[in-house]
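Residue strings, one per chain:
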Amino acid sequence: MGEENVKNLKSEQGAALDSIDLQFKDIDAAYKTKSTWEIIRALVILRTCSYNYFVDNSVKFLGLSQRFLGRSLTDFVVKPTFYGHFVAGDTPESITSTVRKLKSGGVRPMLAVPMEEDVNENIPMDEKYGRNLSAILDCILLSRHVEESRPMMQLKVTALIPADLVAKLTILYNEEKITVEEIAAYMETGALVKNECLDEEELSQLHKGLDRLAQVGKLAVEKKVRVLVDAEYTYLNPGMSLVTLAMMVLYNKQTPWIWNTYQCYLKGALSSIRAELDVTKRHNVCFGAKIVRGAYMEKEKLLALNEQREDPINPSLDATGDMYNAVVNAMLEHIKDVGTKCNIIVASSNEGAVRTTIQRLDQLGIDPGEDSVCFGQLMGMADHVSFSLGSAGFPVYKSMPYGTLEDTIPYLSRRAQENRSVLQGVRKERDLLWRELKKRVRGNTSKSMKAL
């Protein structure tokens, strides 16, 4: 099929997905939902975020602004600009308005509550995790409210279980001293996890964390919302996979409501997803996967260097691209065999990865209208990819953080630091935005001349 348009892909409802520009240069499709102000804002913000100094100091700049200009004036400047570009809103009404605009371009929302934890954070536990749980349950309800057909949301396990404990679970799971079945048994029946490697306090926190996750899983199934568990650092991921797989065993009986995330910048990405798929096969449950490149590369490399161990990151961007395509292809071939028992989201702004996936869908005869395969990008980035996919009828989502300015800016700052290579490589997106802006200026000038 090469670089030709994909044609005659039929949706489940029988409507034709006539074609898509696989070069992603269709500015009419990409920016039809954006106002001229939003085009200008995107140009300025994407340019600003390409500078490391700004990205590294954004939280400090926000603090200085609030200190010297005051909170009200800071909100007046930041909310319509950086916040408005990357964040869905801070009230149900503002979030619904943002989602409505996305959906008019064929793009669906994937809401994310901006919360996370790292090891060695000394914060009172029960109150914090109780608040986090309430926010996550509210996110499930809001996801169902704003997207009726196939709602999704993102979840961080470390928002509900202490990261230090998850790190210890990683060691135990890697050493086969704790099992998915033990975790699932507690979440289903209350059979206490007994492990001599965990002290009484750790076991108490584990049980409380699993109780929180069980509430999330039960509400997700009840409201029919897919929960995509985020990956984090390699010293946390196996522990998070342990509890996520237990949730799959419990809640993915007929439909993949619980998904895990696989980072393809890791050398072991393909073996990891295959091993975890095998767990779900043993239990005859459905499997869901979010496939990403990964966003913690700088810290992972530094940790490996400091600990004098092998770098877990692929040696080059090409190697990561090859790994990404290999993981996606393995899942597509599995979907060809099992259908909707396996769902994936190709969560990438990389045009080549999206293009390769579309071509492989066509080769395997997988109907994108069945929603077994969907696509995803971050809000505020790669709109030329997202809206081109949405306009052609492919299921595509925007990852959308929401919340107050104080909650979201630190979250966005960390995401920007982790994705700095992406932000520095958006030249094509800026070029397309310039083309759209010039087209509108010429159009307005022409209308003015005719009026005269």
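Residues numbered from 1 in each chain as written. Predicted model: local features only at pLDDT ≥ 70, side-chain atom pairs only at ≥ 80, totals over all residues. Heavy atoms only, no water.

In the nomenclature of an unreviewed UniProt entry, the protein corresponds to Proline dehydrogenase from the organism Owenia fusiformis. Turning to the protein, the UniProt annotation filed under Function (unreviewed entry) states: "Converts proline to delta-1-pyrroline-5-carboxylate." (UniProt positions renumbered as here; feature names shortened; annotations may be inferred.)

**Quick look at the pattern of salt bridges**
In total, this model carries 25 salt bridges according to the counting rule given. Taking the shortest distance from any N to any O, the salt bridge between Lys-103 and Glu-147 comes out at 3.4 Å. You can see Lys-103 sitting in helix α5 (residues 92-104) and its partner Glu-147 sitting in the loop between α6 (125-146) and β4 (152-155), a full 44 residues away along the chain. Its relative accessible area of 37% is what places Lys-103 among the partly exposed residues. Where salt bridges share partners, they join Asp-28, Glu-436, Lys-439 and Arg-440 into one cluster. (Salt bridge = Lys/Arg side-chain N within 4 Å of Asp/Glu carboxyl O. Helix = DSSP H or I, 4+ residues; strand = E, 2+ residues; numbered from the N terminus. Buried < 20%, exposed > 50% of the residue type's maximum accessible area, 1.4 Å probe, protein only.)

**Thoughts on the environment of Thr-158**
One can find Thr-158 in the loop between β4 and α7 (163-174). Here the alpha-carbon distance between Thr-158 and Gly-209, two residues 51 residues apart in the chain, equals 9.3 Å. Engagement of the side chain of Thr-158 in a polar contact is seen with the side chain of Glu-232, the distance being 2.8 Å. (Polar contact = N/O pair within 3.5 Å; in protein donor to acceptor, adjacent residues only side chain to side chain.)

**Thoughts on unusual backbone geometry**
Although it is not a glycine, Glu-176 sits at a positive phi angle of roughly 60°. Tracing the backbone shows Glu-176 in the loop between α7 and α8 (180-189). With relative accessibility at 71%, the residue Glu-176 sits in the exposed group.

**Brief notes about the packing of aromatic side chains**
What characterises a pair of aromatic rings is the spacing of the ring centres plus the angle enclosed by the ring planes. Summed over the entire model, instances satisfying the criterion amount to 7 aromatic pairs. Relative to Phe-61, the ring of Tyr-53 lies with its centre 6.0 Å away and its plane at 50°, an arrangement referred to as tilted. Of the residues examined, Tyr-53 reaches a relative accessible area of 61% and is grouped as exposed. A relative accessible area of 30% places Phe-61 in the partly exposed class. Both rings, one in Phe-54 and one in Phe-61, keep their centres 6.1 Å apart while their planes meet at 35°; by these two values the pair is tilted. For Phe-54, a relative accessible area of 22% translates into the label partly exposed. Among the aromatic residues, those joined into a ring-pair cluster are Tyr-53, Phe-54, Phe-61 and Phe-82. Taking the ring centre of Tyr-324 as reference, the NZ or CZ of Arg-293 above it sits at 5.0 Å. Stacked on the ring of Tyr-233, the Lys or Arg Lys-299 has its end atom at 4.3 Å from the ring centre. (Phe/Tyr/Trp six-rings, centres within 6.5 Å; stacked < 30°, edge-to-face > 60°. Lys NZ or Arg CZ within 6 Å of the ring centre and 35° of its normal.)

**Some remarks on the confidence of the model for the protein**
Put simply, the protein has an average pLDDT of 89, and 90% of its residues get 70 or more. Contacts from residues 1-18, a stretch scored under 50 in pLDDT, to residues over four places away or in other chains number 43 contacts. (pLDDT = per-residue confidence, 0-100. Contact = heavy atoms within 4.5 Å.)

**Remarks on the nonpolar core**
Core analysis: the biggest nonpolar cluster contains 105 residues, and Ile-183, Met-187 and Ile-344 have the highest contact counts within it. Per element, the largest residue contribution to this core is 10 residues, and it comes from helix α10 (residues 237-251). Discounting chain neighbours no more than four positions away, the residues touching Met-187 are Leu-210, Leu-213, Ala-214, Ala-246, Met-247, Leu-250 and Tyr-251. With 13 residues, the next largest nonpolar core counts Leu-62, Ile-409, Tyr-411 and Leu-412 among its residues. (Core = buried A, V, L, I, M, F, W, Y, C linked by side-chain atoms within 4.5 Å.)

**As for a nonpolar patch on the surface**
There is a patch of nonpolar side chains on the surface, built from Tyr-53, Phe-61, Leu-64, Phe-68, Leu-69, Leu-73, Phe-76 and Val-77 and spanning about 860 Å² of accessible area. Broken down by secondary-structure element, the contributors of at least two residues to the nonpolar patch are α3 (52-68) and α4 (71-86). Ranked by the residues each element gives to the nonpolar patch, the list is headed by α3, at 4 residues. Turning to its location among the elements, Tyr-53 is positioned in helix α3. (Patch = residues over 30% accessible without salt bridge, like charges linked within 9 Å, V, L, I, M, F, W, Y side chains within 5 Å. Areas by Shrake-Rupley, 256 points an atom, 1.4 Å probe, with all protein chains shown as cover.)

**Focus: the sheet that holds strand β3 (residues 108-112)**
Spatial ordering of the closed barrel is given by β3-β4-β5-β6-β7-β8-β9-β10, a layout of 8 strands whose pairing is parallel. The mean angle between the axes of side-by-side strands here comes to 30°, regardless of whether they run parallel or antiparallel. In this sheet, strand β10 (residues 396-401) lies alongside β3 in parallel orientation, the contact comprising 5 bridges. The partner of Arg-108 across the bridge, within β10, is Tyr-397. Along the sheet, α6 makes contact with β3 and β4, crossing β4 at roughly 160°. Across the sheet, α10 touches β5 (226-229), β6 (258-263) and β7 (287-292), and the angle it forms with β6 is around 150°. (Pairing = 2+ DSSP bridges. Axes fitted to C-alpha atoms, helices over the stretch in contact; angles between N-to-C directions.)

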